[in-house]
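Descriptive analysis of the structure
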Amino acid sequence: MLKSVCPAYDPALEEADQPAEQGPNSMDDVLNLAQVMAELSYLARLEERRETNMASLKRLKEARDALLDRGGEVAEGSVARRS
């Protein structure tokens, strides 16, 4: 008499056929990541603007100092002319 041969039940085979569960928080994670990336991009632009503004401020201060120094020389020259 022939026995019917049934393969042993293997839950791993059944799990392999199923798509990976992404869970309810998967979409939240994607949205949070997108928001974090957008904020980092915004902060990088702000940092670039800050660096540009700092360079401009430095140039303005140097120009002011040069004018003040030259103004002092002019004031000294006018005092010397009065004497």
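Residues numbered from 1 in each chain as written. Predicted model: local features only at pLDDT ≥ 70, side-chain atom pairs only at ≥ 80, totals over all residues. Heavy atoms only, no water.

Things to note about the overall build of the protein chain
Each helix and strand in the protein chain was counted, giving 2 helices and 0 strands. Of all 83 residues assigned to the protein chain, the portion counted as buried reaches 0%. (Helix = DSSP H or I, 4+ residues; strand = E, 2+ residues; numbered from the N terminus. Buried < 20%, exposed > 50% of the residue type's maximum accessible area, 1.4 Å probe, protein only.)

Here we look at the pattern of salt bridges
Two side chains that carry opposite charge are able to pair once their charged atoms sit near each other. Applying the stated criterion across every chain yields a total of 2 salt bridges. Of the charged contacts in the structure, one is a salt bridge between Arg50 and Glu47, with a shortest N-O distance of 3.0 Å. With Arg50 and Glu47 both in helix H2 (residues 26-82) and 3 residues apart, the pair spans about one turn of that helix. Take Glu47: its relative accessible area is 35%, and that puts it in the partly exposed class. (Salt bridge = Lys/Arg side-chain N within 4 Å of Asp/Glu carboxyl O.)

Let's talk about a nonpolar patch on the surface
The grouping of Leu33, Val36, Met37, Leu40, Tyr42, Leu43 and Leu46 at the surface amounts to a nonpolar patch, some 670 Å² of accessible area in total. Among the structural elements, Met37 can be located in helix H2. (Patch = residues over 30% accessible without salt bridge, like charges linked within 9 Å, V, L, I, M, F, W, Y side chains within 5 Å. Areas by Shrake-Rupley, 256 points an atom, 1.4 Å probe, with all protein chains shown as cover.)

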